[in-house]
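# Commentary on secondary and tertiary structure
These are the residues of each chain, in order.
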Amino acid sequence: MGASLGLRAAALSLLILGAIVLIWQVAAQPTGGTTTTVDPEYAKLVGAAAATGQKSAMPTPADIAATFWKQLKDPFYVRGSNDKGIGIQLAYSLGRVLLGFGLAALVAVPLGFLIGMSPLVYRALDPFIQVLKPVSPLAWMPLALYTIKDSAISSIFVIFICSVWPMLINTAFGVGSVRREWLNVARTLEVGPLRTAFKVILPAAAPTIMTGMRISIGIAWLVIVAAEMLVGGTGIGYFVWNEWNNLSIANIVTAILLIGLVGLLLDQALGWLARLVTYPE
C-alpha cells in the first residue's frame, strides 16, 4: 500500500511538473507581432526584442536548462570581484548559514534546557522571548552593521538571531514535556541531575529539539538571501541582485532553483537526523 501510494504521488508530481513546464514554454514563446515603437528607457530595461513584442522577456525552460548547465560546468570560476561562479556564491552563503546556525544551537539548546527544567527561569525569561521573537531578523541588520562594522559578520549575526528562537522554544517545550514518571524513576534510583539530563531528558526531548533545528535552518536559509541582497559582496543573495542589475533573467531563475534545491537538502538532512533520534515508545 505504501509503495503504491509513493508511486502514484511521484507520477502526480511529474504530471504537475510537466504541466508547469508546458505552460511556461507556451507563455515564453515569441508573440510574432509587428514591431512597434517603444520608449527607449523601457527597451533598455527589458531588452529591445522583448519590449517590441518579438520575444518574451521571460526565458523558456530550454533557456533555463542551458544556463543551468553552463553554470554547473564551471561553478567555481573567479573573473573579478563581481563575476564569480554560482558554486562559490552558494559556498559563501552556506558557510554563513551554518556558522550562524551553529552559534544559535550552542546558545539555544542549553538555555532551552534551563528554561524547560526551571519554572522560575521560564517565567523570568518568557517576556523577553515574546518581545524579541516577532522582530524581523532584517530589522537587526542596520544595528549590526553600525556596531560590528563588517557586512559578513553582520550577516552571520542576523542568521544567529533568526535561528535561535525556534530552537530555544522547541527545546524548552521538549524538556518541559518529558514524562514525570521517567523523572520520578530517575529520582528513585538516585540518579544525579547531570546524568538525568543526558540519560533521560535529552533522549526524550531530542525529537522536539531536532524539529526546532529543522525549522531554524529553513528560516536561516530564507533570511541569508535577503541579507546578502542588502549588504552585497558575496553570496547567492548578492548573485541574484547582481544578475538583476545585469538584466540576466535566466541566471536569476537558475539561482532561484538552486536556492530551493539547497534548502530542500538542508531540510532533508535535518529530517534524517530527527528520525535517528526518534524511538518508538
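Residues numbered from 1 in each chain as written. Predicted model: local features only at pLDDT ≥ 70, side-chain atom pairs only at ≥ 80, totals over all residues. Heavy atoms only, no water.

Attention now moves to the overall build of the protein chain. Scanning the protein chain from terminus to terminus reveals 12 helices and 0 strands. Along the chain direction, N to C, the helices and strands of the protein chain fall in the order α-α-α-α-α-α-α-α-α-α-α-α. The long-range fraction of contacts in the protein chain, counting pairs at least 24 apart against all pairs at least 6 apart in sequence, stands at 70%. On the protein chain, roughly 16600 Å² of surface is accessible, and the fraction owed to carbon and sulfur atoms is 71%. (Helix = DSSP H or I, 4+ residues; strand = E, 2+ residues; numbered from the N terminus. Contact = heavy atoms within 4.5 Å. Areas by Shrake-Rupley, 256 points an atom, 1.4 Å probe, with all protein chains shown as cover.)

In this section: the packing of aromatic side chains. For the structure on display, the rule yields 1 aromatic pair. Measuring from ring centre to ring centre gives 6.3 Å for Trp 140 and Phe 157, while their planes differ by 75 degrees; the resulting arrangement is edge-to-face. A residue pair is termed long-range when its members are at least 10 positions apart, and Trp 140 in the loop between helix H6 (119-132) and helix H7 (141-148) and Phe 157 in helix H8 (residues 151-176) qualify at 17 residues. Owing to a relative accessible area of 27%, Phe 157 belongs among the partly exposed residues under this scheme. Here the guanidinium or amino end of Lys 149 rests over the ring plane of Tyr 146, the centre of that ring lying 5.1 Å away. (Phe/Tyr/Trp six-rings, centres within 6.5 Å; stacked < 30°, edge-to-face > 60°. Buried < 20%, exposed > 50% of the residue type's maximum accessible area, 1.4 Å probe, protein only. Lys NZ or Arg CZ within 6 Å of the ring centre and 35° of its normal.)

Turning our attention to the environment of Thr 278. One can find Thr 278 in the segment after helix H12 (249-276). Overall, Thr 278 belongs to the partly exposed group, its relative accessible area being 42%. Remark: the alpha-carbon pair of Thr 278 and Ala 206, spanning 72 residues in sequence, is separated by 7.4 Å.

Turning to unusual backbone geometry, a few remarks are in order. We note that Lys 149 has phi near 60 degrees; this positive angle belongs to a residue other than glycine. Mapped onto the elements, Lys 149 comes out in the loop between H7 and H8. The exposure class assigned to Lys 149 is exposed, which follows from its relative accessible area of 65%.

Another aspect to go through is the nonpolar core. Formed by 51 residues in total, the largest nonpolar core has its most connected members in Val 97, Phe 113, Ile 159, Met 167, Met 213, Trp 221 and Ile 236. Those elements that place two or more of their residues in this core are helix H5 (86-117), H8, helix H9 (180-188), helix H10 (193-231), helix H11 (236-245) and H12. Among the elements that take part in this core, H10 stands out by supplying 14 residues, more than any other. Apart from residues lying up to four places away in sequence, Met 213 is in contact with Phe 101, Ala 105, Val 109, Met 167 and Leu 270. (Core = buried A, V, L, I, M, F, W, Y, C linked by side-chain atoms within 4.5 Å.)

A few words on the confidence of the model for the protein chain. In low-pLDDT regions, the fine details of the predicted coordinates are not to be read closely. Looking at the protein chain, the pLDDT average stands at 84 and 88% of residues meet or exceed 70. The model gives residues 48-54 a pLDDT under 50, and that stretch makes 21 contacts with residues more than four places away or in other chains. (pLDDT = per-residue confidence, 0-100.)

For the pair H9 and H10, the least separation of the axes is 11 Å and the interaxial angle reads 170 degrees. The orientation of H9 with respect to H10, classified from their angle, is roughly antiparallel. For H9 against H10, the interelement crossing comes out right-handed. Residues Trp 182, Leu 183 and Ala 186 of H9 lie in contact with H10, whose contacting residues are Thr 196, Val 200, Ile 201 and Ala 204. (Axes fitted to C-alpha atoms, helices over the stretch in contact; angles between N-to-C directions. Parallel < 35°, antiparallel > 145°, perpendicular 65-115°, else oblique. Left-handed = near helix turned anticlockwise from the far one by under 90°.)

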